[in-house]
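Examining the three-dimensional arrangement
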Amino acid sequence: MMFSMLAFLQGTVWNTWGPISNSAQAVYHWSDFEIGMFINYADIAFVLTAFPATWLIQNKGLRYGVVTSAAFLTLCSGIRCLPLPDDVFIWAVNAASVLNGVSSCVVNVAPPAISAIWFPMEERTTATAIGSIFAYLGIASSFLIGSVVVGEHKYLPELINSSLINATSSLDIFSTSGTENNYTDLFNIGEQRKKIKTLMYLEFGLCALLLLAVLIHFPSRPPKPPTVSAAVQRSNFLPGILQLFRSVQFWLLLIAYGVPVGIYGVFGTVLNANLGPDGITQDETAWLGFYSTVGGALAGLFVSW
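What comes next concerns the included structure. (Residues numbered from 1 in each chain as written. Predicted model: local features only at pLDDT ≥ 70, side-chain atom pairs only at ≥ 80, totals over all residues. Heavy atoms only, no water.)

**Let's talk about the overall build of the protein chain**
Counted only if it meets this: Strands here are runs of E lasting at least two residues and helices are runs of H or I lasting at least four, both read from the DSSP assignment and numbered beginning at the N terminus. By definition in these notes, contact holds between two residues if any of their heavy atoms fall within 4.5 Å. Each accessible area is a Shrake-Rupley result for a 1.4 Å probe, and residues are judged covered by the shown protein chains and nothing else.
A count of helices and strands for the protein chain gives 13 helices and 2 strands. Within the protein chain, contacts between residues separated by at least 24 positions form 80% of all contacts whose residues are at least 6 apart in sequence. Put simply, the protein chain shows about 15700 Å² of open surface, and 69% of that area lies on carbon and sulfur atoms.

Take a look at the structure:
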């Protein structure tokens, strides 16, 4: 359960900015490119640290890997809570993205190891699927949480696409009355900033609580192995990797898994930026991302069953 929550929170933190990109652009004056790079930095960090994370789990045990992942995730979410100027805050978010990518290594590589050590043969496929799916449920929740906590001012898309935001970048509140679109509301940047900070504090608090729980109790293996195979010594790390690279079946599985996940990752996380020009609001995009991700997660669980 604790590992599933770790996967859930890692997915939530990973996709923080995409669902609220309009609000972030209004408050921090970021571009679509900068928001998209937050995900790229995390994914690059994952690629660079995936093999060390696998080695850590195999040679030091699940507890070391999970505690390390939870610590990086807590540090990642904590950095974003620091009271920094806007021109410095973007670098803190970039650094947090890298830390989130490091945290995601264990989340992505541990499910098969957990199912092999903790579950009997007939339950391992489902256990692996559940451990993997919780990360996607976390991504789905990020769409919903962003919509609920931050929301969207009804004139925000028009303001993002106009020069009004940049022209008033030094103000927290400005009137939209009298513009060419005849907006009659006040757009409160300060209020949007507070809502984004509330989201940062919420995610950090949840990550810190999970880290505390993991530190208190997360054993590497059960008192008694569920099967004989669970107690068998695994292959050495480097020879095992080389053996995988020589396997045609491995490469076929890698392509079958990596291509659709990669397409989803690069499109879904900037869904708001992709669909915003077509008149779809930030809140509407959030619900679209939520339903599509939950649907995919449930379909994966059904296939594993």
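**Quick notes on a nonpolar patch on the surface**
Short version of the rule: Like-charged residues within 9 Å of one another, or nonpolar side chains (Val, Leu, Ile, Met, Phe, Trp, Tyr) within 5 Å, are grouped into patches, provided each residue has over 30% relative accessible area and no salt bridge. What makes a salt bridge here is a side-chain nitrogen of Lys or Arg within 4 Å of a carboxyl oxygen of Asp or Glu, nothing more.
A surface patch of nonpolar side chains, about 650 Å² in accessible area, is lined by Phe51, Leu238, Leu242, Leu244, Phe245, Trp251 and Leu254. Relative to the elements of secondary structure, leucine 244 occurs in helix H10 (residues 237-245).

**Things to note about the environment of leucine 206**
Here is the rule we go by: Exposed residues in this analysis have more than 50% of their type's maximum accessible area, buried residues have under 20%, and partly exposed residues fall in between, with area computed by a 1.4 Å probe over protein chains only.
Its location among the elements puts leucine 206 in helix H9 (residues 189-216). Look at leucine 206 and you get partly exposed, because its relative accessible area is 39%. Along the sequence, leucine 206 and leucine 9 sit 197 residues apart, while their C-alpha atoms lie 7.8 Å from each other.

**Observations regarding the packing of helix H1 (residues 2-14) against helix H6 (residues 124-149)**
Helix packing for two helices is described by the angle between their axes and how far apart those axes are. The line we're drawing: Note on geometry: axes are lines fitted to C-alpha atoms, helical ones only across the stretch in contact, with angles between N-to-C directions running from 0 to 180 degrees. Should an angle fall under 35 degrees it is called roughly parallel, over 145 degrees roughly antiparallel, and 65 to 115 degrees roughly perpendicular, with every other angle called oblique. Working rule for handedness: look at the near helix, and if it is turned counterclockwise from the far one by less than a right angle, call the crossing left-handed; if clockwise, right-handed.
Interhelical geometry of H1 versus H6 gives an angle of 40° and a closest axis separation of 7 Å. For the element pair H1 / H6, the angle class is oblique. Of the two possible hands of crossing, H1 and H6 adopt the one that is right-handed. Residues Phe3, Ser4, Ala7, Phe8, Gly11, Thr12 and Trp14 of H1 pack against Ile130, Gly131, Phe134, Ala135, Leu137, Gly138, Ile139, Ser141, Ser142 and Ile145 of H6.

**Things to note about the layout of surface pockets**
This is how it is decided: Of the two site types, the cavity is a set of points on a 1 Å grid over the protein atoms alone where a 1.4 Å probe fits but cannot get out, and the pocket is an open set with protein on both sides within 12 Å along at least five of seven lines, each lined by residues with an atom within 4 Å of a point. Grid points are joined across faces, edges and corners, and a volume is the space filled by probe spheres set on the points. The classification used treats Ala, Val, Leu, Ile, Met, Phe, Trp, Tyr, Cys and Pro as nonpolar, Asp, Glu, Lys and Arg as charged, and all other residues, Gly among them, as polar.
Considered as a void within the structure, the second largest pocket measures approximately 400 Å³ in volume. Taken together, 17 residues line the second largest pocket, and the ones lying closest to its centre are Met1, Phe3, Ser4, Ile114 and Phe119. Every element with two or more residues in the lining of the second largest pocket is listed here: H1, helix H5 (86-118) and H6. For the lining of the second largest pocket, the per-class residue count stands at 13 nonpolar, 4 polar and no charged.

**Brief notes about the pattern of salt bridges**
A full pass over the atoms with the stated rule returns 2 salt bridges. For glutamate 203, the salt bridge goes to arginine 80, with nearest N and O atoms at 2.3 Å. Separated by 123 residues along the polypeptide, glutamate 203 in helix H9 and arginine 80 in the loop between helix H4 (62-79) and H5 bring together distant segments of the chain. Judged by its relative accessible area of 5%, glutamate 203 falls in the buried class. Residue classification places arginine 80 among the buried positions, given a relative accessible area of 2%. With its nearest N and O atoms 2.9 Å apart, the salt bridge here joins aspartate 86 to arginine 193. Here arginine 193 lies in helix H9 and aspartate 86 lies in helix H5, a separation of 107 residues in the sequence. For arginine 193, a relative accessible area of 25% translates into the label partly exposed.

**Looking at the nonpolar core**
Just so we agree on the cut-off: Buried Ala, Val, Leu, Ile, Met, Phe, Trp, Tyr and Cys residues form a nonpolar core when they are joined through side-chain atoms within 4.5 Å.
Judged by nonpolar contacts, the single largest core of 29 residues is most densely connected at Phe3, Leu6, Leu62, Val66 and Ala110. The set of elements that each furnish at least two residues to this core consists of H1, helix H3 (32-60), H4, H5 and H9. A total of 9 residues in this core trace back to one element, the largest contributor, which is H5. Residue contacts for leucine 62: discarding those within four places in its chain leaves Ile57, Ala110, Ala113, Ile114, Ile117, Trp118, Phe218 and Ser220. Residues Ile20, Trp30, Ile35 and Ile90 belong to the second largest nonpolar core, which totals 17 residues.

**Some remarks on unusual backbone geometry**
Positive phi, close to 60°, is recorded for histidine 29, a residue that is not glycine. Structurally, histidine 29 can be placed in the loop between helix H2 (21-28) and H3. A relative accessible area of 30% means that histidine 29 is categorised as partly exposed.

**What about the packing of H1 against H5?**
Between H1 and H5, whose axes approach to 10 Å, the crossing angle comes to 145°. Crossing geometry of H1 relative to H5 is assigned as left-handed. Packed against H1, whose contacting residues are Phe3, Leu6, Ala7, Gln10, Val13 and Trp14, the element H5 presents Asn100, Ser103, Ser104, Val106, Val107, Ala110, Pro111 and Ile114 at the interface. Split by residue class, the contact of H1 with H5 holds 10 nonpolar, 4 polar and no charged.

**Topic: the packing of aromatic side chains**
Heads up, the rule is: A pair of aromatic rings is counted whenever rings of Phe, Tyr or Trp (Trp by its six-membered ring) have centres within 6.5 Å, and the orientation is called stacked for planes under 30 degrees apart, edge-to-face for over 60 and tilted otherwise.
Applying the stated criterion across every chain, the model contains 8 aromatic pairs. Ring geometry for tryptophan 17 and tryptophan 30: centres 5.1 Å apart, planes at 75°, overall edge-to-face. Of this pair, tryptophan 17 sits in the loop between H1 and H2 while tryptophan 30 sits in the loop between H2 and H3, and the two are 13 residues apart along the sequence. Grouping residues by exposure puts tryptophan 17 and tryptophan 30 together as buried. One aromatic cluster in this structure is built from Trp17, Tyr28, Trp30, Phe38 and Phe89.

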